[in-house]
Amino acid sequence: MKNVSAEQGGAHAAPTQGKLGLVEMQSMRSRAQQYFAREGEDPLSQAFERKTVVHAGMSGRPLRDEARDEAMERLLGEPRQGQSAAYFHIPFCETHCLYCGFYAAAYKRDWSAAYVDALLEDMRRDRDLPAVCSKPIHAVYLGGGTPTAFEAGDLRRLLLGIRKYLPLANDCEITVEGRVFRFDPEKIRACIEGGANRFSIGVQTFNTDIRQQLGRVCSRDEVCEVLDNLLRTDSAAVIIDLIYGLPGQGEQEWAEDLRVLEQMGLDGCDLYQLNVFPGGRLDKALQCGEVPPVADVPGQGRLFRQGVEFLRGRRYRRLSISHWGRTTRERNIYNPLMKRRADCLAFGSGAGGSLRGHFYFLESDVKKYMAAREQGRRPVAMIMEPPANAGLVRVLTGQLESGALDLARTRQETGVDVDGLYAPLLQQWQRAGLLRRDGDWIELTLAGQFWQVNITQALIDWHTQNAMEI
Ligand code: SF4
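Reading guide: rules and limits
Chains are numbered independently. Their residues run from 1 in the order of the written sequence. pLDDT decides what is reported in this predicted model: residues at 70 or higher carry local features, side-chain atom pairs at 80 or more are listed and counted, and totals for whole chains, interfaces and linings draw on all residues regardless. Numbered from the N terminus, helices here are DSSP runs of H or I no shorter than four residues, and strands are runs of E no shorter than two. Only C-alpha atoms enter the radius of gyration, while the globule expectation follows 2.2 Å times N to the 0.38, with N the number of residues. To sort residues by exposure, count the other C-beta atoms lying within 10 Å of each residue's C-beta; 20 or more gives buried, 12 or fewer gives exposed, and values between give partly exposed, all with C-beta atoms placed from the backbone. Once C-beta atoms have been placed from the backbone, residue pairs whose C-beta atoms lie within 7 Å are recorded as contacts. By convention here, the C-beta atom is placed from the backbone, and a residue is near a molecule or strand when that atom is within 6 Å of it. Only Asp, Glu, Lys and Arg are considered charged, only Ala, Val, Leu, Ile, Met, Phe, Trp, Tyr, Cys and Pro nonpolar, and every remaining residue, Gly among them, polar. Buried Ala, Val, Leu, Ile, Met, Phe, Trp, Tyr and Cys residues whose C-beta atoms connect them within 7 Å together make up a nonpolar core. For each domain, the first and last residues come from an automatic or database assignment. Helices are assigned an expected span. That span is 1.5 Å times one less than the residue count. Along the arc lie the directions from the helix axis toward the C-beta atoms.

Trainee: Any chance you could explain the overall build of the protein here in plain terms?
Mentor: Of the regular secondary structure elements, the protein holds 20 helices and 18 strands. Taken over C-alpha atoms, the radius of gyration comes to 22 Å for the protein, in line with the 23 Å a tight globule of 470 residues would show. With the C-alpha coordinates of the protein rotated into their principal frame, the extents come out at 60 × 55 × 45 Å. A burial count over the protein gives 44% of its 470 residues as buried. Pairs at least 24 residues apart make up 77% of the contacts formed inside the protein by residues separated by at least 6 positions.

Trainee: Is there a simple way to explain the site of the ligand in this structure?
Mentor: Looking at the ligand, there are 12 residues lining it, with C93, C97, C100, F102 and Y103 nearest. Class assignment of the residues belonging to the shell around the ligand gives a composition of six nonpolar, five polar and one charged.

Trainee: Is there a simple way to think about the nonpolar core in this case?
Mentor: Side chains that are nonpolar tend, in soluble globular proteins, to be buried together. By size, the foremost hydrophobic cluster in this structure holds 121 residues, and its most contacted members are A85, A86, V140 and L434. Examining the composition of this core, we find that seven residues originate from one element, strand β8 (residues 237–244), more than from any other. When residues of this core are assigned to domains, at least three map to each of domain 1 (18–60 + 389–469) and domain 2 (65–339). Excluding residues that lie within four positions of it along the chain, L434 makes contacts with A37, P43, A47, W429, L444, T445, A447, G448, W451 and I455.

Trainee: Would you explain the domain arrangement of the protein in this entry?
Mentor: Reports of interface size often rely on the accessible area that becomes lost once the parts have come together. Looking at the protein, the domain boundaries give domain 1 (18–60 + 389–469) and domain 2 (65–339). Put simply, the middle of domain 1 and the middle of domain 2, counted by C-alpha atoms, are 28 Å apart. Counting from both sides, the interface comprises 13 residues of domain 1 and, opposite them, 11 residues of domain 2. Breaking the side of domain 1 that touches domain 2 down by element, the ones donating at least two residues are α3 (43–46), α16 (390–400) and α19 (446–450). Per element, the largest residue contribution to the side of domain 1 that touches domain 2 is three residues, and it comes from α19.

Trainee: Help me understand helix α10 (residues 220–233) in this model?
Mentor: Taking 1.5 Å as the rise per residue, α10 with 14 residues should run 20 Å; its terminal C-alpha atoms sit 21 Å apart, in good agreement. Those residues of α10 that sit buried are V223, V226, L227 and L230. With its buried residues spanning 95 degrees around the axis, α10 presents them on a single face. When the buried face of α10 is taken as reference, the exposed residues oriented beyond 90 degrees from it are D221, E225, D228 and R232. Looking one or two places after α10, you find D234, whose phi comes out positive at around 50 degrees.

And the structure:
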């Protein structure tokens, strides 16, 4: 779920050509009304009407089909730059959770060995390419879908293969994402033996009734048992995702989730806001009254504040707007690299990678993906050329993800006169209670953190619009 492609796909639609047309320019002008926050209201609940995007991001120009294969070979023929990562997408799930916009394919046991064989073969084939072998890889992420759906022996084979074929840094973070359903002690052992040193488990809520109405199978006790098994290995960081604003989840239920989180003694956690995808299964279930209502925007703001105050009070370390660490075992290497748009090798159906500022996406239909490989073709579905402002976007998204922006550094790294460019926005947002300014430092207030994606996307769009008007 923390895939580059997922972020880009859900984040920000890409314009189809380098120069924007009249309609797009008009639509950007009307979006200018959304740049400025409401003043004189409670900024946490009312600064903006709604979140404008799920993840702030850049647009880009997709390469024509006929240019794609050559471009991919060129990118793979050049060394990676900077700290980088490798992402493996396991697109299968055993059930389809009601709220999820990333479900791709039903898991069948036969897929486990065949799919791992394909990933191992791809790594073996590419191991000597400069983009693969040139430099150490600092973070590996097995995401999905549900990597932990795979059989124990295949999980072990995949992880050992990653360590054999990719030049991992000595202290490489190796994350296995998953859920507790069928994540038994044998699979946990296989992951540890394979070299996993971090587990990111999608719990979402400990509340059994809310879990089960969302299609999560296990009860609270079963969730806690699997987390205990992971912690008892004493060999990997164990972090979980929790979502606030779920159907039927009020401040009391959220307080109980936070209490169990603390009681478990985990290494860290992510607190995410629920996204209801328009036209998705949860949206339809809400409209038919099949599930209790979800929190509105002010309600989500209150739950956000409750989560922040709870974790601050327990001295968790803030690693990003949504991510918190409790122990030093949680290093959180992969996620910030992705926010900074670092180079990332992609493997597997539906995976998204990034090389030299180009995003690339592998075929998301598993059968087409496997067929392309069998025909000796790389299953690349799309390559996006970086937009002109890619450097600025990288610096803004990377910094604001941590809740602060260093204008001096941004100026130095991008050559953009950020003071002059952003003065109208920064002054207005300061008046509206979204940020504090101390010299060159901009720090988001609690309300600014809640609206961080709007703020980041507004800064990106403002720059794009101004560049067009010059
Ligand atoms: S297991 Fe994860 S990816 Fe699969 S449907 Fe549920 S939330 Fe989505």
